[in-house]
Amino acid sequence: MNPATPGRHGFSTRAIHDGQSADPLTGAVNVPIYASSTYAQEEIGRHKGYEYSRVSNPTRTALELNLASLEGGSSAHVFASGMAAISALVTMLRSGDHVLCGSNVYGGTPRLFNEIVSRYGIDFSYVDTTNAENVRRALRPNTRLVHIETPTNPLMQISDIRAVAEICREHRNAGDGILDLSVDSTFMSPYFQRPLEQGADIVMHSTTKFLNGHSDGLGGVLVGSTPRHRETFAFVQKCAGGILSPFECFLVLRGVKTLAVRMKQHEANGAAVAEFLAKHPKVRSVFYPGLPSHPQHELARRQMSGFGAVVTFDTGSLEEANRVLRRLRVCTVGESLGGVETLVSHPASMTHAALGAEERARIGIGDGMLRISTGIEDAGDLLADLEQALD
Ligand SMILES: *Cc1c(COP(=O)(O)O)cnc(C)c1O
């Protein structure tokens, strides 16, 4: 139960049990959805640890202990969405601070930083973090946060977490203040990648994706590695209030119990789809870190214990991509990823539309590209669906 000592039990055992014990009143094996905004107090200042659900709620506590354990963090705090978690992350900063962000991160992240947070006197700059030396060159004396994402969407580029963490550590030791490295690890889930073990300070997930896993709820989490993170993120939950509701916490708790088995099946299907596409004559290129042809295959092997479920491929043109999408029968066309059902999206018109054609071309996102988040259906059915759609 102690989130600070992961490794006592295996990953699946912790996913199923940590933060949760049978209900002392009824014996119910699942933590109830505590649908209560407030809590009865015995007398002034005397209560059972809960006062008001913006501050804390028992269903949320169970989930937060569980996720802290899975990432090997000292604490976890859950928010209403992945973007709410990133908003909470930058609430740690103050006017005059600088944030260095990966140039290839989830589109909503720079939108939040540039359109909203920059109004408060916080500076943002962006570098390609697949080369860690770019981070060293771009750090400033007032850099307080380095935020990277690995692997990236949709090209599955990998940043070396250990190398970036080491550069941040040197900079922190040479400077005078706080410098946190946060890693958006959404695409891998804690089953395949645990950034805190590699020197990151904070891990962020959109729990909307693999952690919840069933495309039926939004959420986000920040897992911190020190008591400072615990205090800061708890204070932000209390002050800003963008917390995850008890019902959504229950959904993530339930989803996480099957995370290990789901991720194994997700990955087996991802690998099968990537290999099928790599051999298909109509496919120009395939982006999947598990393929030996991926330029960072070796780094991916070192840093992750699996390659995940997301596969991007290039059909060559917008017309061809649309033709394939219209013919899919088993795969669902839509945004998002990480659900049990296979989802196919068109990055140029969906997740990366706001970038504009020029910027998309610059970072290598073509109009003919499709991104598949392989679900946990039978692989044969997915391959047959893709085959008939491509032919
Ligand atoms: C979806 C996603 C987010 C945003 O999360 P929401 O839950 O949609 O707010 C952030 N980062 C990555 C990598 C994502 O895939």
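As the structure is a prediction and not an experimental result, all values here were calculated from the model. For every chain, the first residue of its written sequence is number 1, and the numbers climb from 1 along that sequence. With the structure being a predicted model, the display of local features is reserved for residues of pLDDT at least 70 and the display and counting of side-chain atom pairs for 80 or more, all residues being used for whole-chain, interface and lining totals. With hydrogens and water set aside, each side-chain value is computed from the structure's full complement of heavy atoms.

1. Re the sheet that holds strand S3 (residues 123-127)
For two strands to pair, DSSP has to find at least two bridges joining them. In DSSP terms, a helix is any run of H or I states spanning at least four residues, a strand is any run of E spanning at least two, and both are numbered starting from the N terminus. With mixed pairing, the seven strands of this open sheet are ordered in space as S1-S7-S6-S5-S4-S2-S3. With one partner strand each, in any of the chains shown, strand S1 (75-79) and S3 form the two edges of the open sheet. Each adjacent strand pair in this sheet contributes to an overall mean axis angle of 20 degrees, direction not counted. Of the pairings in the sheet, the one linking strand S5 (residues 180-184) to strand S6 (residues 202-206) comprises three bridges and is parallel in character. What sits directly across from Asp184, in S6, is Met204. Angles here are taken between N-to-C directions and fall from 0 to 180 degrees, while the axes themselves are lines fitted to C-alpha atoms, restricted in helices to the stretch in contact.

2. Looking at helix H2 (residues 58-71)
Relative to the 20 Å expected for 14 residues at 1.5 Å per residue, H2 spans 20 Å between its end C-alpha atoms, a close match to the ideal helical length. The cut-offs for exposure are 20% and 50% of the maximum accessible area for each residue type, with area from a 1.4 Å probe on protein chains only; residues under the lower value are buried, those over the upper are exposed, and the others partly exposed. Where burial is concerned, most of H2 is hidden: twelve out of the 14 residues are buried. Here H2 has its buried residues at Pro58, Thr59, Arg60, Ala62, Leu63, Glu64, Asn66, Leu67, Ala68, Ser69, Leu70 and Glu71. Here H2 starts with a cap whose side-chain oxygen sits 2.9 Å from the backbone nitrogen of Thr59, and that cap is Asn57. With its phi angle positive at about 70 degrees, Gly72 sits one or two positions after the end of H2. A helix is expected to reach a length of 1.5 Å times the quantity of its residues less one. Whenever a nitrogen or oxygen atom comes within 3.5 Å of another N or O atom, the pair is scored as a polar contact, on the condition that within protein one atom can donate a hydrogen and the other can accept it, and that pairs from neighbouring residues in sequence are kept only if both atoms are in side chains.

3. So, the site of the ligand
We call a residue near a given molecule or strand whenever any one of its heavy atoms falls within 4 Å of it. Contacts to the ligand come from 13 residues, most closely from Gly82, Asp184, Ser206, Thr208 and Lys209. Note that a nitrogen atom of the ligand is positioned 2.7 Å from one of the side-chain N or O atoms of Asp184. Protein contact buries 93% of the 380 Å² of open area that the ligand shows by itself. With a 1 Å grid laid over protein atoms only, a set of points is called a cavity when a 1.4 Å probe fits there but cannot get out and a pocket when it is open yet has protein on both sides within 12 Å along at least five of seven lines; lining residues have an atom within 4 Å of a point. Each molecule is checked against the cavity or pocket grid, and it sits inside if more than half of its atoms lie within 2 Å of the grid points. A molecule is said to occupy a pocket when more than half its atoms come within 2 Å of that pocket's grid points, and by this definition the ligand occupies the second largest pocket. With residues, only the protein chains shown are counted as cover, and all accessible areas are computed by Shrake-Rupley using a 1.4 Å probe.

4. A closer look at the pairing of strand S4 (residues 143-149)
With seven of seven residues buried, S4 is to be regarded as a mostly interior element. Bridge count for strand S2 (residues 98-102) against S4 is four bridges, and the pairing is parallel. Paired with Val99 across the bridge in S4 is Leu145. Here five bridges tie S4 to S5, and the two strands are oriented parallel to one another. Across the sheet, the residue bridging to Val146 is Leu181, located in S5.

5. Side note on the nonpolar core
Membership of the largest hydrophobic core comes to 59 residues, with the highest contact counts inside it found for Leu63, Leu67, Leu277, Val286 and Phe313. When residues of this core are assigned to their parent elements, the largest contribution, seven residues, is made by helix H10 (residues 259-279). Looking at this core, you find at least three residues from each of domain 1 (11-257) and domain 2 (260-390). Aside from chain neighbours lying at most four places away, what touches Val286 is Ala274, Leu277, Ala278, Leu291, Val311, Thr312 and Phe313. In plain words, nonpolar cores are sets of buried Ala, Val, Leu, Ile, Met, Phe, Trp, Tyr and Cys residues tied together by side-chain atoms within 4.5 Å. Annotation comment: domain bounds sourced from an automatic or database domain assignment. In what follows, residue pairs with any heavy atoms lying within 4.5 Å of each other are defined as contacts.

6. Digging into the packing of aromatic side chains
Stacked, edge-to-face and tilted are the three classes for Phe, Tyr and Trp ring pairs, Trp counted by its six-membered ring, which pair at centre distances within 6.5 Å; planes under 30 degrees apart are stacked, over 60 edge-to-face, the rest tilted. All told, the structure shown has four aromatic pairs when counted by the stated rule. Between the aromatic rings of Phe11 and Tyr191, the centroid separation amounts to 5.3 Å while the plane-to-plane angle is 70 degrees, which identifies the pairing as edge-to-face. Taken together, the residues Phe11 in helix H1 (residues 11-17) and Tyr191 in helix H7 (residues 189-192) connect sequence positions 180 residues apart. Accessibility expressed as a relative area gives 13% for Phe11, which makes it buried. Looking at Tyr191, the relative accessible area reads 18%, which means it is buried. Three or more aromatic residues joined by ring pairs form one cluster here, namely Phe11, Tyr191 and Phe192.

7. As for the confidence of the model for the chain
Per-residue confidence from the predictor is reported as pLDDT, a score between 0 and 100. In the predicted model, the chain carries a mean pLDDT of 95, and 98% of its residues have values of at least 70. Segment residues 1-6: pLDDT under 50, and 14 contacts once partners within four positions in sequence are set aside and those in other chains are kept.

8. A word on the environment of Pro32
Looking at the secondary structure, you find Pro32 in the loop between H1 and H2. In this structure the C-alpha to C-alpha distance between Pro32 and Arg371, which are 339 residues apart in sequence, comes to 37 Å.

9. Observations concerning empty space enclosed by the protein
Grid points are joined across faces, edges and corners, and a volume is the space filled by probe spheres set on the points. Inspection of the entire model under this criterion finds two cavities of 30 Å³ or more. Approximately 30 Å³ is the volume attributed to the second largest cavity. Lining the second largest cavity, in full, are Gln20, Asn30, Val31, Phe250, Leu253, Arg254 and Lys257.

10. What about the environment of Ser245?
Examined against the element boundaries, Ser245 turns out to sit in the loop between helix H8 (227-240) and helix H9 (246-257). Along the primary structure Ser245 and Arg172 are separated by 73 residues, whereas in three dimensions their C-alpha atoms are 36 Å apart.

11. Considerations on the domain arrangement of the chain
For the chain, the domain assignment lists domain 1 (11-257) and domain 2 (260-390). Computed over C-alpha atoms, the centres of domain 1 and domain 2 are 26 Å apart. Contacts between domain 1 and domain 2 engage 32 residues on the former and 37 residues on the latter. Put simply, buried area is how much 1.4 Å-probe accessible surface two parts lose in total, over both of them, once they are put together. Summing both sides of the interface, domain 1 and domain 2 together bury roughly 2900 Å²; the carbon and sulfur share of this comes to 59%. Salt bridges, as used here, are contacts in which a Lys or Arg side-chain nitrogen is within 4 Å of a carboxyl oxygen on Asp or Glu. Here domain 1 is connected to domain 2 by one salt bridge. The salt bridge partner of Asp160 is Arg302, with a shortest N-O separation of 3.9 Å. At the junction of domain 1 with domain 2, the criterion picks out 15 residue pairs in polar contact (both at pLDDT 80 or more). For the side of domain 1 that touches domain 2, the elements supplying multiple residues, two or more each, are H1, helix H6 (161-174), H7 and H9. Considering every element that reaches the side of domain 1 that touches domain 2, the biggest residue donor is H7, with three residues.

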